[in-house]
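Now for the letters of each chain:
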Amino acid sequence: MDGGRGRGPGRCSPFNHPPTSPPPVVVVGDEQSVSANGSNSWHTTIKDRRKAWQQKSHYPEKHNSPHSDSAGIGMSLLSHHVSNKLNICECDGDVDNNSSQTRTEQEKHPDPPFDICPPKQGGSVILKPPLLVKNRERRNEMKRSSSGDKGGLVLRPGMVLLKAYIPITDQVMIVKRCRELGLGPGGFYQPGYGDGTKLHLKMMCLGKNWDPQTSQYGHQRPSDGAKPPHIPPEFHHLIRKAIADSLALIQQRSKTSNPHNILPSLSPDICIVNFYSQNGRLGLHQDKDESEESLRQGLPVVSFSIGDSADFLYGDERDVDKAQKVLLESGDVLIFGGKSRNVFHGVTAIHPMTAPKLLLEETNLRPGRLNLTFRQY
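Computed from a predicted model, the values in this text were never measured in an experiment.

**Student:** Could you give me a rundown of the pattern of salt bridges, with the residues and numbers involved?
**Tutor:** As enumerated under the stated definition, the model contains 13 salt bridges in all. Between Arg179 and Asp115 there is a salt bridge; the shortest N-O distance is 2.8 Å. Of this pair, Arg179 sits in helix H5 (residues 168–182) while Asp115 sits in the loop between helix H3 (99–108) and helix H4 (131–146); the two residues are 64 residues apart in sequence, bridging distant segments of the chain. One salt bridge in this structure joins Glu290 and Arg341, with 2.7 Å as the shortest N-O distance. Of this pair, Glu290 sits in the loop between strand E9 (282–285) and helix H7 (292–297) while Arg341 sits in the loop between strand E13 (333–336) and strand E14 (344–351), and the two are 51 residues apart along the sequence. Accessibility classification places Glu290 together with Arg341 in one group, the buried group. Three or more residues joined by partner-sharing salt bridges are found here, namely Asp287, Glu290, Arg341 and Arg375.

**Student:** Would you mind going over the nonpolar core in detail, with residue names and values included?
**Tutor:** Counting residues in each nonpolar core, the largest one holds 42 residues, and the members touching the most others are Ile116, Ile174, Phe304, Leu370 and Leu372. Looking at this core, the element that brings in the most residues is helix H6 (residues 233–254), giving eight residues. What Ile116 contacts, discounting residues up to four positions off in sequence, is Val175, Cys178, Arg179, Phe188, Phe275, Asn364, Leu365, Arg366 and Leu370. In terms of nonpolar packing, the next biggest core, distinct from the first, is built from 23 residues, Phe312, Tyr314, Val326 and Ile350 among them.

**Student:** Could you give an account of the sheet that holds E13, naming the residues involved and the relevant values?
**Tutor:** Taken together, the seven strands give an open sheet; going across it, the order is E3-E4-E13-E10-E15-E8-E5, and neighbouring strands pair in antiparallel fashion. Pairing within the sheet leaves two strands with one partner each, and these edge strands are strand E3 (152–156) and strand E5 (202–206). Across this sheet, the average inter-strand angle for adjacent strands is 15°, counted without regard to direction. Bridge count between strand E10 (residues 301–307) and strand E15 (residues 369–375): six bridges; the pairing is antiparallel. Each residue of the ladder has a partner; that of Ile306, found in E15, is Leu370. Lying over the sheet, H6 contacts E3, strand E4 (159–162), E5, E10, E13 and E15, oriented at roughly 115° with respect to E4.

**Student:** So, the sheet that holds strand E11 (residues 309–315): which residues are in play, and what are the values?
**Tutor:** Read across the open sheet, the four strands follow the order E9-E14-E11-E12; overall the sheet is antiparallel. On the outer flanks of this sheet lie E9 and strand E12 (324–328), each paired with one strand and no other. Recorded for the sheet is a direction-independent mean angle of 25° between the axes of neighbouring strands. Pairing analysis gives two bridges linking E9 to E14, with the strands arranged antiparallel. Across the sheet, residue Leu282 finds its bridge partner in E14, namely Val347.

**Student:** Give a detailed account of unusual backbone geometry, specifying residues and quantitative values.
**Tutor:** Of note, Ser215 is a non-glycine position whose phi angle comes to about 55°, a positive value. Locating Ser215 in the fold gives a position in the loop between strand E6 (209–211) and strand E7 (216–218). What makes Ser215 partly exposed here is its relative accessible area of 34%. A positive phi is found at Met353, a non-glycine position, where the angle reads about 60°. Summarising the element assignment, Met353 is placed in the loop between E14 and helix H8 (357–363).

**Student:** Account for the packing of aromatic side chains, naming residues and giving values.
**Tutor:** Applying the stated criterion across every chain, the model contains six aromatic pairs. Residues Phe114 and Phe275 carry aromatic rings whose centres are separated by 5.7 Å and whose planes lie at 45° to one another, so their mutual orientation is tilted. Pair noted here: Phe114 is in the loop between H3 and H4 and Phe275 is in strand E8 (residues 270–276), with a separation of 161 residues, a long-range link. For Phe275, a relative accessible area of 3% corresponds to the buried category. With a centroid separation of 6.2 Å and an interplanar angle of 80°, the aromatic rings of Phe235 and Phe374 are classed as edge-to-face. A residue pair is termed long-range when its members are at least 10 positions apart, and Phe235 in helix H6 and Phe374 in strand E15 qualify at 139 residues. Judged by relative accessible area, Phe235 falls into the buried class, the value being 0%. Residue classification places Phe374 among the buried residues on the basis of a relative accessible area of 0%. Through a chain of ring-to-ring contacts, the aromatic side chains of Phe114, Phe188 and Phe275 assemble into a single cluster. Directly above the aromatic system of Tyr189 lies the positively charged group of Arg221, at a separation of 4.3 Å from the ring centroid.

**Student:** Talk me through the environment of Gln251; I want residue IDs and the actual numbers.
**Tutor:** Of note, Gln251 is situated in helix H6. Discounting chain neighbours no more than four positions away, the residues touching Gln251 are Thr256, Ser257 and Pro259.

**Student:** Would you mind going over the pairing of E4 in detail, with residue names and values included?
**Tutor:** Alternating residues of E4 divide into Met159 and Leu161 and Val160 and Leu162, and every residue in both groups is buried. Summarising the sheet, E3 and E4 pair through four bridges and their orientation is antiparallel. Bridged to Val154 within E4 is Val160. Inspection of the sheet shows E4 paired to E13 by four bridges, in the antiparallel sense. Counterpart to Leu161 in the pairing with E13 is Leu334.

**Student:** So what about the packing of H5 against H6? Which residues, and what values?
**Tutor:** Packing of H5 against H6 leaves a shortest axis separation of 10 Å and a crossing angle of 140°. By the angle class used here, H5 and H6 are oblique. Crossing geometry of H5 relative to H6 is assigned as left-handed. Side by side, H5 and H6 meet where Asp170, Met173, Ile174, Arg177 and Cys178 of the first sit next to Glu234, Phe235 and Leu238 of the second.

Rules used throughout
- Residue positions within a chain follow its written sequence, with the count starting from 1.
- The predicted nature of this model means local features are confined to residues of pLDDT at least 70 and side-chain atom pairs, given and counted, to a pLDDT of 80 or more, with totals for whole chains, interfaces and linings taken over all residues.
- No hydrogens and no water enter the side-chain calculation; it runs on all heavy atoms of the structure.
- One side-chain nitrogen of Lys or Arg within 4 Å of one carboxyl oxygen of Asp or Glu is enough to make a salt bridge.
- Numbering of helices and strands runs from the N terminus; a helix is a DSSP stretch of H or I covering at least four residues, while a strand is a stretch of E covering at least two.
- Exposed residues in this analysis have more than 50% of their type's maximum accessible area, buried residues have under 20%, and partly exposed residues fall in between, with area computed by a 1.4 Å probe over protein chains only.
- By convention a nonpolar core is built from buried Ala, Val, Leu, Ile, Met, Phe, Trp, Tyr and Cys residues, the set being connected through side-chain atoms within 4.5 Å.
- The criterion used for residue contact is that any of the two residues' heavy atoms lie within 4.5 Å.
- Only when DSSP finds a minimum of two bridges between them are two strands counted as paired.
- All axes are obtained by fitting lines to C-alpha atoms, using only the stretch in contact for helices, and the reported angles, taken between N-to-C directions, cover 0 to 180 degrees.
- Between rings of Phe, Tyr and Trp, where Trp is taken as its six-membered ring, a pair exists when centres lie within 6.5 Å; planes separated by under 30 degrees are stacked, by over 60 edge-to-face, and by other angles tilted.
- Ring-over charges, as used throughout, are those where CZ of Arg or NZ of Lys falls within 6 Å of the ring centre and within 35 degrees of the ring normal.
- Comment on the angle field: the value is read as roughly parallel under 35 degrees, roughly antiparallel over 145, roughly perpendicular from 65 to 115, and oblique elsewhere.
- Here is the rule for handedness: rotate from the far helix to the near one, and if that takes an anticlockwise turn smaller than a right angle the crossing is left-handed, while a clockwise turn gives right-handed.

Laid out in structure tokens, this is it:
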């Protein structure tokens, strides 16, 4: 159909055939173009033939001269018929008439959710650890999981650190579940404050939404109205087990008959999932936005660390110089409640390339640290 693009008679125009040639028949769907009197006679004037085309196409007469783009008119009308019949658009590399509307609709949608385990790019070469190394790591992991003492530390009254507590298989499960939830409604996003300041992390809330601008919990995220996903049952199981082992450790170290007085139990209905990139951090703060009853009872915060190691600071004041520091590694569980419930805490540094190799191999977790903090409202 290139003959209809230029000016003057086109080489494919039906009006460009000599009178001795048989009349061409242009088929559009089940219709044929004919002369004004309905016959296929070629002995009609160009002007009459143009009028027949215009009447058939319901086009008004725009050109009065028989020498003005007769071929262009014929082919543009033909293009119009074909476009209407087949619902197509002839355009030189441009989008169709709905393109601007499509772009406008796309601009209304937010950016894609943050993927903590981006798919491996095609063509990239992933060097897997030798089988001997993998078997050694699995044996070490099994020893840590089966041993009675998991390296638990009582950092202060009501504050317990369980080193290498979460088995690598459960770490993989946690990462995969967080990725699945993080890509759905209410998934990972970059939170901020009213003045436009953004936190140096990605966040997702489970159970209830926490709004950093108002420091309040709610049933949906104000920015997009998304409802937080539920806390997976597998997470609840790990929480109950960690609390029980922490109480046993406190009872053993303090010789108390009732460790619940030092560290109360909880039934978490909130989980804030943070992903820190390798330059991520979080200043000293207190977790005190839960209900007055929860804070009064000292119901603990339970923290899971997955991925790269992090420097964790804690203390009684919002003063980095006076705070104590502990290294949190992948699989560690930190619990603080009772008298330590309102402790100031924060993350000052992420140590790159410290995540377990088996974890990265099984999940393709981004460089950084995945942190889950459970609490009861």
